[in-house]
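# Chains, contacts and geometry: an overview
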Amino acid sequence: MVPIPAKVVGICLYKRPHTGYTAAEMASQLTFLGAAGTVTGSKYLLEVDHTRYLIDCGLFQGEREWKERNWEPFPVEPASIDAVLLTHAHLDHTGYLPRLAQQGFAGPIYATEATCALLKILLLDAAHLHEQDAEYANRKGYSRHQPALPLYTVEDAEATLALLKPVDFHTMLELGGIRAFWFPMGHILGSAAIEIQLNSGRRILFSGDIGRYEDPIMRPPTEHSGADILLMESTYGDRLHSVTPPEQTLLEAIGYILRTHGVLLIPAFAVGRTQQVLYLIRRLQEAGRIPPLPVFVDSPMAQDVTALYCRFRDDLNMETSPGGDCEGTLPLYCYHTNFVQSVAQSKALNTREGPMIIVAGSGMCTGGRILHHLKWRLPDPANAVLFVGFQAQGTRGRLLLEGATEVTIHGETIQVRARILETSALSAHADQHDLLRWVRAIRQPPQTLYLVHGEEEPRNVLRDLIVQNLGWQVALPEYQEQVPL
């Protein structure tokens, strides 16, 4: 359960220039500006005591309807937001921050130290990709907009990073009309649930993304005593993770390319999933279950992110961090691993013959270097693609998993003849069993539980299970829905 905070930190809150409030602005309310009916774009606007706080500031991904909202003006004036509080570093929770700053936000951004460290890598990389994608679209002429513009630039990302304010776990942060606490959730490095206490005494808990209880790398999620209002993710609310060990699926995929002398592509997020994949390959190598073969991690930031796992060992299970030299004792580097840095090195992989493994971002095939490898390798049946994480609706990853015979990449139609495989056993999200376990540990039932960060079917199934088993009041908020507090 939640430990007593170790200390209290008082913060001089950034003050925006107030120009007067309407009656609605003066009311305490919560507005769902993302991750309501979808698993991306997490944003929750909390208005209380003449202040505005944004909890998470994620990028919409997947369906065009959602992605286009990244380009719309923010629903409230960004300069009117007093502070942003982040649960963790994944871009569906943070990737809109430079766009928010570009539109006028200049307040502090509070997050755990590990999250801040990750954002210094992730936001700059995201900005580079936005700039590169816009340049490529203009050069190839496939954009619907002329000229194609980046959603934000490296300069925007750098300005955003200057606003980061690290906070400690289990420490109370006083911000005007609220007090906030961060509790470890085991999803990725630095991931947290955020409890916000209002001056009225009411408590609001934002679960963030909930990690797994039996994870080989991360510690289990913190169980909470309860809150008046609970926002809980529901990504896997309708299913259990595969009982097939991920090593078995990985062996199947590697065995296939060994027989065909092909290439195994593994789309993977640079934070969390890439480290899990390297960990599994290392275990298979040490057990002598796969022969030596080259592994290329084609993600400029993956090497830096992996090094952060050594820096923030307290987030990890003890058996994976016994001390000493990181590369020698943390099994997050497999043998024959090559970290690809330059674009020239990445392109050179296209003409390299297999068998070999390429791990590249992004995990949902919505951007990044994996797209170039897919263009080159999908048409060849000797190759394979192994998906190791959730694929949101409308993403290329979801299309491939659903059996698409062709996909569009950079304006070109690409035939799909490569073998497509999947394992959900590596997911960093709690499945239905773990979500229910986490909920059952809450001693004080909330007045209302809002299920967020899930597609409609998972949310509906999880709601019905919680109502039937616990009798709680469960709501499924919609985009831009407002609820009083």
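What counts and what doesn't
Residue numbers restart at each chain and count upward from 1, following the sequence in its written direction. Given that the model is predicted, a residue must reach a pLDDT of at least 70 before its local features are reported, and side-chain atom pairs must reach 80 or more before they are shown or counted; all residues, however, enter totals for whole chains, interfaces and linings. Heavy atoms throughout the structure, all of them, feed into the side-chain values; hydrogens and water do not. To sort residues, take the accessible area from a 1.4 Å probe on protein chains only and compare it with the maximum for the residue type: under 20% means buried, over 50% means exposed, and anything in between is partly exposed. Elements are defined by DSSP. Helices are runs of H or I of four residues or more, strands are runs of E of two residues or more, and each kind is numbered from the N terminus. What makes two strands pair is DSSP finding at least two bridges between them. Axis definition: a line fit to C-alpha positions, over the contact stretch in the case of helices; interaxial angles, taken between N-to-C directions, run 0 to 180 degrees. Contact between two residues is taken to exist if any of their heavy atoms lie within 4.5 Å; hydrogens are not considered. The working definition used for a salt bridge is a side-chain nitrogen of Lys or Arg within 4 Å of a carboxyl oxygen of Asp or Glu. Between the rings of Phe, Tyr and Trp (Trp by its six-membered ring), a pair exists once the centres lie within 6.5 Å; its type follows the angle of the planes, with under 30 degrees stacked, over 60 edge-to-face, and the other angles tilted. The criterion for a charge sitting over a ring is simple: Lys NZ or Arg CZ within 6 Å of the ring centre, and within 35 degrees of the ring normal. Just so you know, the count uses Lys and Arg for positive and Asp and Glu for negative, and it drops His and the chain ends. Definition of a polar contact: a pair of N or O atoms within 3.5 Å, with one able to donate and the other able to accept a hydrogen when the atoms are protein atoms, and with sequence-neighbouring residues admitted only if both atoms are side-chain atoms. Relative orientations are named as follows: roughly parallel for angles under 35 degrees, roughly antiparallel for angles over 145 degrees, roughly perpendicular for angles from 65 to 115 degrees, and oblique for any other angle. Left-handed describes a crossing whose near helix is turned anticlockwise from the far helix through less than a right angle; right-handed describes the clockwise counterpart.

## With respect to the pairing of strand β8 (residues 171–175)
The two faces of the sheet receive side chains in turn, since in a regular strand these alternate between them. Burial within β8 is extensive, with four of its five residues counted as buried. In terms of strand pairing, β8 meets strand β9 (residues 178–184) through three bridges, oriented antiparallel. Looking at β9, one finds that Leu175 is bridged to Ile178. Linking β8 to β9, which pair antiparallel, is a turn of two residues; within it Gly176 sits at a positive phi near 55°.

## So, the sheet that holds strand β20 (residues 419–422)
Spatially, the six strands line up as an open sheet ordered β15-β14-β16-β13-β17-β20, and their pairing is parallel. The open sheet has two edge strands with one neighbour each: β15 (337–339) and β20. Neighbour-to-neighbour, the strand axes of the sheet open up by a mean angle of 20°, direction not taken into account. The pairing of strand β14 (residues 295–298) with strand β16 (residues 356–360) spans four bridges and is classified as parallel. Looking at the pairing, Phe296 lines up with Ile358 of β16. Across the face of the sheet, helix α12 (residues 370–377) comes into contact with β13 (263–267), β14, β16 and β17 (384–387) while running at roughly 145° to β13.

## Describing the pattern of salt bridges
Counted under the stated rule, the structure contains 16 salt bridges. A salt bridge links Arg283 to Glu247; its shortest N-O distance comes to 3.1 Å. Of this pair, Arg283 sits in helix α8 (residues 273–286) while Glu247 is found in helix α7 (residues 246–260), placing the two residues 36 residues apart along the sequence. Residue classification places Arg283 among the partly exposed residues on the basis of a relative accessible area of 37%. On the basis of relative accessible area, Glu247 is assigned to the buried category, the value being 12%. Within this structure, Arg398, Glu402 and Glu455 form a network of salt bridges that share partners.

## Re the sheet that holds strand β4 (residues 51–57)
Across a sheet, strands are paired by hydrogen bonds formed along the backbone, either parallel or antiparallel in direction. The seven strands lie next to each other as β7-β6-β5-β4-β3-β2-β23, forming an open sheet whose pairing is mixed. One side of each edge strand has no neighbouring strand; the edge strands of this open sheet are β7 (164–167) and β23 (482–484). If you compare each strand with its neighbour and ignore which way they point, the axes differ by 25° on average. As paired strands, strand β2 (residues 29–32) and strand β3 (residues 43–48) are joined by four bridges and run antiparallel to one another. Residue pairing for β3: Leu30 is matched across the bridge by Leu46. Relative to strand β6 (residues 109–112), helix α5 (residues 113–140) is tilted by about 110°, and along the sheet it contacts β6 and β7.

## As for the packing of aromatic side chains
If you walk through the whole model with that rule in mind, you get nine aromatic pairs. Between Trp66 and Tyr479, the ring centres sit 6.1 Å apart and the planes meet at 85°, which makes this aromatic pair edge-to-face. Highlighted residues: Trp66 in helix α2 (residues 64–67) and Tyr479 in the loop between β22 (474–475) and β23, separated in sequence by 413 residues. Of the residues examined, Trp66 reaches a relative accessible area of 12% and is grouped as buried. Through a chain of ring-to-ring contacts, three or more aromatic side chains come together here, namely Phe32, Tyr44, Phe206 and Tyr450. The positively charged end of Arg69 is found above the aromatic ring belonging to Trp66, 4.5 Å away from the centroid. The lysine or arginine in question, Arg437, covers the ring of Tyr213, its NZ or CZ lying 3.7 Å from the ring centre.

## Things to note about the side chain of Asp156
With respect to the helices, strands and loops of the structure, Asp156 is situated in helix α6 (residues 154–161). One buried charged residue, Asp156, forms no salt bridge at all, with the nearest opposite charge on Arg99 at 6.9 Å. Separated by 2.9 Å, the side chain of Asp156 and the backbone nitrogen of Thr153 make a polar contact. Excluding residues that lie within four positions of it along the chain, Asp156 makes contacts with Pro98 and Gln102.

## A word on the environment of Phe206
For Phe206, the position within the fold is in strand β11 (residues 203–206). Separated by ten residues in the primary sequence, Phe206 and Ile196 have C-alpha atoms spaced 8.2 Å apart. When neighbours within four sequence positions are excluded, Phe206 is seen to be in contact with Leu30, Tyr44, Ile55, Ala193, Ile194, Ile196 and Leu231.

## Details of unusual backbone geometry
With an omega of 5°, the peptide bond between Gly354 and Pro355 qualifies as cis. By the element assignment, Pro355 lies in the loop between α11 (343–348) and β16. Across the junction of Gly361 and Ser362, the peptide omega takes the value 10°, indicating a cis bond. In this structure, Ser362 sits in the loop between β16 and α12. With a phi angle near 50°, Asp49 is a residue other than glycine that sits in the positive phi range. You can see Asp49 is positioned in the loop between β3 and β4.

## Notes on the packing of α5 against α6
Taken N-terminus to C-terminus, the directions of α5 and α6 make an angle of 160°; their axes are 8 Å apart at the nearest point. It follows that α5 is roughly antiparallel to α6 by the angle criterion. Of the two elements, α5 crosses α6, and the hand of that crossing is right-handed. Every residue of α6 that contacts α5 at Leu119, Lys120, Leu123, Leu124, Ala127, His128 and Glu131 is listed here: Val154, Ala157, Glu158, Thr160 and Leu161.

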